[in-house]
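Understanding the architecture of this molecule
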Amino acid sequence: MTVRQDTLPNGFRVVSERMPGLESAAIGLWISAGARHERPEQNGIAHFLEHMAFKGTKRRSALAIAEAIEDVGGYINAYTSREVTAYYARVLAADVPLALDVIADILCNPLFEEKEIEVERGVILQEIGQAADTPDDVIFDWLQEESYRDQPLGRTILGPSERVQSFGRADLAGFVEEHYGPGQMILSAAGAVDHDALLRMAQELFGDMPARPVQQVTPARFTGGEMRREKDLEQAHFALALEGPGCRDDAIYTAQVYSGVLGGGMSSRLFQEVRENRGLCYTIFAQTGAYADTGTTTIYAGTSGEQVGDLARITFDEMARAAEDMTPAEVARARAQMKAGLLMGLESPSNRAERLARLVQIWGEVPPLEETVSRIDAVTTGDVRAFAEEMVARAPKALALYGPVAKAPALAEMVERRAA
């Protein structure tokens, strides 16, 4: 399998990887225009725009968009994150030109009809309401807010309902004009694809787009802090974030191994001590996420109001213990889990296309897979212990608590307890 990459004169990038033996392909556009790119008064508009893309173009109605892909047995979808909005499809090899034509149509020719805006506004408000009724959605939004307070990166992707209620056609068109330039777009495809044919189609569909200045984002600053909301729920929800490296930092591999050892599976320290040995929760995990210039290691658990204090203290104890006695076997297991997750995921053309786009967005190119694997293998027990010590002793922290959390200790108390 060979990765090929080209850039059109206007800055539009095309990357693809042919996967022999497949009869289908994943293809999509990844655009550097997510929630992080919004001004405060725009919060939620990137996600609103993603919804509106499927509501009709100058050539196709909303139904015709869906039928065009589903008539050939494929599917089309989109998502918005804090750093990117993606529009993608999965189709058989012969239908790649159709899929790309539909994606280009919804991005280049949206109608933004007022009646459709009102319909989709109602859908999004329902989505916001559903998220508000889901405690483990709410708590991660609060954790993000505390981690990056008063910054674009700390705001929700869906946006507040009062903002969503005010967006109109001019707002949507303005965001497109500001952020949907060819230099912010990456066409990525994997599976049964022909790169040369893809490049010709890209030139035809996107080559005439005028180049635009790429908007720079506000550098992130991890603030830390605590948000605690009492509510009569069955469970107390506990979420802790610690500042970590961004995706361009080599330490990201150490951070991912650390979170794997701490809470990456049934054999992890938190799962074994908090759930298996003490029975304090049903769900507990740790994970590491990264943005362009910052990152977080997050720990989440749900427990009873009576036990949330014990869970919090044991979690901090396990974090400290990891800095003292983490074993080579644990590190080797976490490295193996990382490599297996990466390689198994790449058996899917959809995952592979997304990875290609993300790497081009980060690095401007796709590093060899062998290089990524070697970086994972290079993480030592000493590296992870040192990182664990940094997490406990010096890394800024954010805490979100929701539900019957009166017995949960304050974040400052936990930090001081470990320091003592």
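Residues numbered from 1 in each chain as written. Predicted model: local features only at pLDDT ≥ 70, side-chain atom pairs only at ≥ 80, totals over all residues. Heavy atoms only, no water.

A closer look at helix H7 (residues 169-179)
Listed as buried for H7 are Leu 172, Phe 175, Val 176 and His 179. Viewed along the axis of H7, the buried residues span an arc of 100 degrees, placing them on a single side of the element. Exposed and facing more than 90 degrees away from the buried side of H7 are Ala 170 and Glu 177. In this fold, the buried residues of H7 make contact with strand S3 (24-31), helix H1 (45-52) and helix H4 (114-132). (Buried < 20%, exposed > 50% of the residue type's maximum accessible area, 1.4 Å probe, protein only. Helix = DSSP H or I, 4+ residues; strand = E, 2+ residues; numbered from the N terminus. Arc of directions from axis to C-beta. Contact = heavy atoms within 4.5 Å.)

As for the sheet that holds strand S1 (residues 3-7)
A sheet is described by the order of its strands in space; here six strands give the open sequence S1-S2-S6-S3-S5-S4, paired in mixed fashion. The sheet terminates laterally at S1 and strand S4 (75-80), the two strands that pair on one side only. Averaged over all adjacent pairs, the angle separating strand axes in this sheet is 15 degrees, with direction ignored. With five bridges joining them, S1 and strand S2 (residues 13-18) adopt antiparallel strand pairing. Bridge assignment links Thr 7 to a residue of S2, and that residue is Arg 13. Sitting on the sheet, helix H3 (residues 96-108) is in contact with S3, S4, strand S5 (85-92) and strand S6 (185-191), with an inclination near 20 degrees to S3. (Pairing = 2+ DSSP bridges. Axes fitted to C-alpha atoms, helices over the stretch in contact; angles between N-to-C directions.)

With respect to the nonpolar core
Counting residues in each nonpolar core, the largest one holds 52 residues, and the members touching the most others are Phe 12, Leu 29, Tyr 87, Tyr 180, Leu 187 and Leu 198. Here the element with the most residues in this core is H3; it accounts for eight residues. Listed in part, the 47 residues of the second largest apolar core include Leu 270, Leu 311, Met 391 and Met 414. (Core = buried A, V, L, I, M, F, W, Y, C linked by side-chain atoms within 4.5 Å.)

Remarks on the packing of helix H11 (residues 308-325) against helix H15 (residues 381-393)
For the pair H11 and H15, the least separation of the axes is 7 Å and the interaxial angle reads 150 degrees. In terms of orientation, H11 lies roughly antiparallel with respect to H15. The interaxial crossing formed by H11 with H15 has left-handed handedness. Along the contact surface, H11 presents Met 319, Ala 320, Ala 322, Ala 323, Glu 324 and Asp 325, while H15 presents Arg 385, Ala 388, Glu 389 and Val 392. Residues of the contact of H11 with H15, tallied by class, amount to six nonpolar, no polar and four charged. (Parallel < 35°, antiparallel > 145°, perpendicular 65-115°, else oblique. Left-handed = near helix turned anticlockwise from the far one by under 90°. Nonpolar A, V, L, I, M, F, W, Y, C, P; charged D, E, K, R; others polar.)

Quick word on the sheet that holds strand S8 (residues 236-244)
In space, the five strands of this open sheet follow the order S7-S11-S8-S10-S9, with mixed pairing throughout. Among the strands making up the open sheet, the edge pair consists of strand S7 (225-230) and strand S9 (284-290). The mean angle between the axes of side-by-side strands here comes to 10 degrees, regardless of whether they run parallel or antiparallel. Taken strand by strand, helix H5 (residues 135-147) contacts S7, S8, S9, strand S10 (295-303) and strand S11 (397-403), and its axis lies near 150 degrees from that of S11.

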